[in-house]
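# Structural features, examined
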Amino acid sequence: MPSLFSSYRLGGLTLPNRTVMAPMSRVRAADGGLATPSMATYYAQRATAGLIVTEGVQPSLVGQSNPGTPGLYTDEQTDSWRQVTDAVHANGGRVFAQIMHGGRVSHHETTGLQPVGPSAVPAPGSVFTPSGPQPIPVPRALETDEVPEHVLSFALAARRAVDAGFDGVELHGATGYLISQFLSSNANLRNDRYGGSITNRIRFAVEAAAATVEAVGAARTGIRLSPGGGIWGVTEDDAAELNIALLTELARLDLAYVHLEATTDEETLLRLRKTWPGTLIMNPTLPGGPKQTGRAEADHWLDLGADLISFGRGFLANPDLVERLRSNLPVAPADENTFYQGGDAGYITYPTYQHTA
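A few points on the structure. (Residues numbered from 1 in each chain as written. Predicted model: local features only at pLDDT ≥ 70, side-chain atom pairs only at ≥ 80, totals over all residues. Heavy atoms only, no water.)

### Some words on the packing of aromatic side chains
Taken as a whole and judged by the stated rule, the model has eight aromatic pairs. Ring-pair connections join several aromatic residues into one group, and the members of that group are Phe-154, Phe-182, Tyr-194 and Phe-204. (Phe/Tyr/Trp six-rings, centres within 6.5 Å; stacked < 30°, edge-to-face > 60°.)

This is the structure:
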């Protein structure tokens, strides 16, 4: 069994260990979706991770889900990210940008635009807006001839990411956002080539991945999925069959990795591991759950065939999480009250272990 602390070759990168900092929304971007000096500090503090995957970055204005999130669709946004990638690389790290199109999980108060989705089916619940939480509106169903521009938005954002110094990108195909909505059996009620059968419902994800590979190369392209996750009201009635079909098609593209969340049973996840021939990142913690991934969960999935293990909450309060895991040091809890409040407190103010004594 590989050790969590052994090196790993990922595309053109050599990772010094098998820990991945999972993408986590922190809503600290400046007006206009710009990255900030504090964001550069935050990611650079955590550069001992084998790989960092950033918070979700919108590839277009209509793709923005929440206020305070960063973008990669203007020159100014692209320029603003260079301070982040430079800081991470100066500290010896490697960083991918997660490209996230919110689809129907958005609001016109945030973007000035009606959200779009595969069908005119709203997500349940509320979404953050500049004036506070608001019920999620009914999205506008994309016309068939509009879908390619949203496919292409992932590739264009990926090209900007590489121009900004990122080592690669991860397409956010998980947790109920646009790619996940197309995969869904209840958010996608289309009867064209993008809906109905499994072959049609996986088409958007495959086309987005293929366009991104064409733009920046397979070695710089990963994708995150949450099989059967049910997040933001998205259902996959046929999660095993759907995701096996998707991974079979994605395997033809030779992506850098697939990043799976443990949102379905272990038996299904093991079937997906057998289907996917390339690098697998496993995120053992259910999104929104109180459980925090530790050494036991990491070792369990490495033993089951995962290549890399992503940690979410652990990296928030522990910029030196890798060393704490390596040396069996206490892992500090994160203050949930600071997750989305903005500012530097609970963001770049967490100490390393030697500074807590």
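### Considering the packing of helix H1 (residues 37-45) against helix H2 (residues 75-90)
Packing of H1 against H2 brings their axes to within 8 Å, and their N-to-C directions diverge by 25°. Taken as axis vectors, H1 and H2 run roughly parallel relative to one another. As for the relative orientation of H1 and H2, their crossing is right-handed in sense. Contacts from Pro-37, Met-39, Ala-40, Tyr-43 and Ala-44 in H1 reach Trp-81, Gln-83, Val-84, Ala-87 and Val-88 in H2. (Axes fitted to C-alpha atoms, helices over the stretch in contact; angles between N-to-C directions. Helix = DSSP H or I, 4+ residues; strand = E, 2+ residues; numbered from the N terminus. Parallel < 35°, antiparallel > 145°, perpendicular 65-115°, else oblique. Left-handed = near helix turned anticlockwise from the far one by under 90°. Contact = heavy atoms within 4.5 Å.)

### A look at H1
By the burial criterion, the buried members of H1 are Met-39, Ala-40, Tyr-42, Tyr-43 and Ala-44. Where H1 is buried, its residues meet strand S3 (19-21), strand S4 (51-57), H2 and helix H11 (313-317). (Buried < 20%, exposed > 50% of the residue type's maximum accessible area, 1.4 Å probe, protein only.)

### Details of helix H7 (residues 203-216)
The end-to-end C-alpha distance of H7, which contains 14 residues, comes to 20 Å, matching closely the 20 Å that a straight helix rising 1.5 Å per residue would cover. Every buried residue belonging to H7 is among Phe-204, Ala-205, Val-206, Ala-208, Ala-209, Ala-211, Thr-212, Val-213 and Val-216, and all of these are buried. Elements in contact with the buried residues of H7: helix H4 (147-163), strand S10 (168-172), helix H5 (178-183), helix H6 (198-201), strand S11 (221-225) and helix H8 (239-251). One or two steps after H7, the chain reaches Gly-217, where phi turns positive at roughly 100°. (Expected span 1.5 Å × (residues − 1).)

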